[in-house]
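What the coordinates show
One letter stands for each residue in the lines below.
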Amino acid sequence: MPKREGSVETVREICIDPQPSGLRAVYLVETRSEEESREIDKLFLELESQIQVRQLCRGKLVSYVVQAHESDASVLDEIEDILKKSYAFVVTQRSFDDLICRIVRELCEDTGSKLSAIPKCNICGKVEPFPNTVVNLSDDDGSVLISRNYCSSCTAEASAPSNKEFIKSLLAADKRDFRKIESAELVRHPSRKQSIRFRVKDFTS
């Protein structure tokens, strides 16, 4: 069961985490046994230290989408070579879009495989395996109450002259009602990480 998100009224900190962009590739493999499925899972698990990896489905059909920096483009070729040498049915695509989502979904239905949960942009609803921007809203103890994902297009549309206006613009466009936070005072909170943090003060009723 999905984790239930917390109340907006209890949010005391907002953290904006810009995510790296890069080259994407989708790999679909029809397996002949559970052992082959485990072998593929192990391959992509080992790749997580080098590139971003997300599973799209599992079962008779195993599919992953990856994202690599341009300097790591050769890794995408290596993955394709390994899979095609080891398995009979392999499909690859060097992008991630609505078409490949539909193909994966239809093949899952045909093979009895199970789709994995994939993030969606909380503004436009687009399936986004690697969100461009992730916003985490936490309580006084630093526990994340609400997590929101935004695609590159919606992030670009929310551009603003300051980080404070940027986060308010994103939350204003979000499908969830964040009006209380939009009207609250946000105070920049120092952070040693790349993330941008704000303390939430003085909610307006």
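Throughout what follows, the structure given in this document is the object of discussion. Source: prediction; values computed, not measured. (Residues numbered from 1 in each chain as written. Predicted model: local features only at pLDDT ≥ 70, side-chain atom pairs only at ≥ 80, totals over all residues. Heavy atoms only, no water.)

1. Here's the deal with the pairing of strand β10 (residues 196-201)
Burial along β10 is one-sided: Ile196, Phe198 and Val200 are buried, while Arg197, Arg199 and Lys201, pointing the other way, are not. Pairing between strand β1 (residues 13-18) and β10: four bridges, direction antiparallel. Within the sheet, the bridge partner assigned to Cys15 lies in β10 and is Arg197. Here strand β9 (residues 185-189) pairs with β10 via five bridges, running antiparallel. Bridge assignment links Leu186 to a residue of β10, and that residue is Val200. (Buried < 20%, exposed > 50% of the residue type's maximum accessible area, 1.4 Å probe, protein only. Helix = DSSP H or I, 4+ residues; strand = E, 2+ residues; numbered from the N terminus. Pairing = 2+ DSSP bridges.)

2. What about the pairing of strand β7 (residues 133-138)?
Taken across its six residues, β7 has six buried, putting it largely inside the fold. Burial along β7 is two-sided: Thr133, Val135 and Leu137 and Val134, Asn136 and Ser138, pointing in opposite directions, are all buried. Note: β1 against β7, six bridges, orientation antiparallel. Bridge assignment links Ile14 to a residue of β7, and that residue is Leu137. The pairing of β7 with strand β8 (residues 144-150) spans six bridges and is antiparallel.

3. Section: the side chain of Thr31
Relative to the helices and strands, Thr31 resides in the loop between β2 (23-30) and α1 (34-47). With relative accessibility at 3%, the residue Thr31 sits in the buried group. A polar contact of 3.2 Å, which involves the side chain of Thr31, links it to the side chain of Ser37. Discounting chain neighbours no more than four positions away, the residues touching Thr31 are Glu36, Ser37, Ile40, Gly59, Lys60 and Val62. (Polar contact = N/O pair within 3.5 Å; in protein donor to acceptor, adjacent residues only side chain to side chain. Contact = heavy atoms within 4.5 Å.)

4. Observations concerning the pattern of salt bridges
Overall, the coordinates contain 11 salt bridges when judged by the stated rule. The partner of Arg199 in a salt bridge is Asp140, and the shortest N-O contact between them spans 3.4 Å. Note that Arg199 is positioned in strand β10 and Asp140 in the loop between β7 and β8, a separation of 59 residues in sequence. Notably, a salt bridge pairs Arg179 with Asp177, separated by 2.8 Å at the nearest N-O pair. Each of Asp77, Glu80, Lys84 and Arg94 takes part in salt bridges that share partners, so that together they form one network. (Salt bridge = Lys/Arg side-chain N within 4 Å of Asp/Glu carboxyl O.)

5. A short note on the sheet that holds β1
The sheet built from five strands is open, its strands ordered β8-β7-β1-β10-β9 with antiparallel pairing. Both edges of this open sheet fall to β8 and β9, since each of them pairs with a single strand only. Along the sheet, successive strands turn relative to each other by an average axial angle of 25°, direction set aside. Contacting β1, β7, β8, β9 and β10, helix α5 (residues 163-173) runs over the sheet at an angle of about 95° to β1. (Axes fitted to C-alpha atoms, helices over the stretch in contact; angles between N-to-C directions.)

Geometric descriptors of this kind do not, in isolation, establish any biological role.
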